[in-house]
Amino acid sequence: GAPDVSGGGGGNVPQPVLSTRRKQQLDVDFRCVFLCPEDRRAYFHRVDIRSEELILSGLLEETSKLLSAGIISGDSMAARAIGYKQAIDYLTRPDYTPQDSGSFGDFFRMMSTATRNYATQQLKWFRKDAAFIFLPVATTTTTTVDDDDDDDSPRGGVHETRDKVVELWRLPRAEYEERLKDASQCDIRDQLVAQGKTMRTYAQKLTHLSEGSDCHQSVLTQADQCTERIRAERITLAPKTSAIVPPSAHSHAMPPGLSPPTTTTATPEEAVASFTRQTPADPRNRIDQK
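Calculation criteria
By convention here, each chain's residues receive numbers from 1 onward along its written sequence. Totals for whole chains, interfaces and linings use all residues, but because this is a predicted model, local features are given only for residues with pLDDT of at least 70 and pairs of side-chain atoms are given and counted only at 80 or more. Processing note: side-chain calculations cover all non-hydrogen atoms of the structure and skip hydrogens and water entirely. We count a salt bridge whenever a side-chain nitrogen from Lys or Arg sits within 4 Å of a carboxyl oxygen from Asp or Glu. Each residue's exposure class comes from its accessible area (1.4 Å probe, protein chains only) as a fraction of the maximum for that residue type: buried when under 20%, exposed when over 50%, partly exposed otherwise. Strands are runs of DSSP state E lasting at least 2 residues, helices are runs of H or I lasting at least 4, and numbering of each runs from the N terminus. Two strands pair if DSSP finds at least two bridges between them.

- An unreviewed UniProt entry annotates the protein as tRNA dimethylallyltransferase of Octactis speculum.

**Some details on the pattern of salt bridges**
Part 1: Counted under the stated rule, the structure contains 13 salt bridges.
Part 2: Salt-bridge contacts for Asp29 lead to Arg31; the nearest nitrogen and oxygen are separated by 3.1 Å.
Part 3: Judged by its relative accessible area of 45%, Asp29 falls in the partly exposed class.
Part 4: We classify Arg31 as buried; its relative accessible area is 15%.
Part 5: Among the charged side chains, a network of salt bridges with common partners joins Asp29, Arg31, Arg173 and Glu177.

**As for helix 4 (residues 84-91)**
Part 1: Here helix 4 lies mainly inside the structure; six of its eight residues are buried.
Part 2: The complete set of buried residues in helix 4 reads Tyr84, Gln86, Ala87, Ile88, Tyr90 and Leu91.

**What to know about the pairing of strand 2 (residues 132-137)**
Part 1: Within strand 2, five of the six residues are buried, leaving the element largely enclosed by the surrounding structure.
Part 2: One ladder, built from six bridges, connects strand 1 (residues 32-37) with strand 2; its direction is parallel. Bridge pairing in strand 2 links Pro37 to Val137.

The following block contains the structure:
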């Protein structure tokens, strides 16, 4: 495998996953750009906001419908995807109680943490490949981009990044190769590593779903409805229990008037009622008329 880039001035030079010889054999002009966060702490906060937005846009409702339709189950590949996995665990928890803020908080923390960990793995993976030019991008909390944004606005930074990518695409191949080998690329990678070491003190902060807010209450109500619907469907679809008598019981002598036990498919209530009808009255309970 290619060596990772650790902290320290200059760092180790990452190696390309696809060799130069192989690229020449393919006769393809590869131009690879990785848009990395300029500030990892701000980037992680943006990941948390995105997790909140997924929940607000109907993640729990969507998950409950997929479960009800049998499209996903606890052991399916889709059920292991980030977001679905945590939502399924939350909606099918055995200790369900309505308006449980604690369980919802645990669900959100697990989901956002898994998302941040995945983002960290992406940074580590692309950092190893020297075929990528790392292009730092300022992280904002804005999710939409309008064409009439000026360059001084937060969203104007997106246009600036786009222009830089287009510029890289238009460079002659020789000049593009020089950009790949530029010392600034190692500096950017080293800076990401250094920022990563400070993320141990990162504290998650809710933006939309803070406890007590209208959004938080609305999501809790929706979550309760989804959970109760799933629980009701599972009770309705649960197979009836079988009253099975061990084989050894058939060899015992049966009291007069009581038929031998049989294996039946019935609910527990039906089994008890049937047994009661077949059991003769106890003679000791009779009233002596003499």
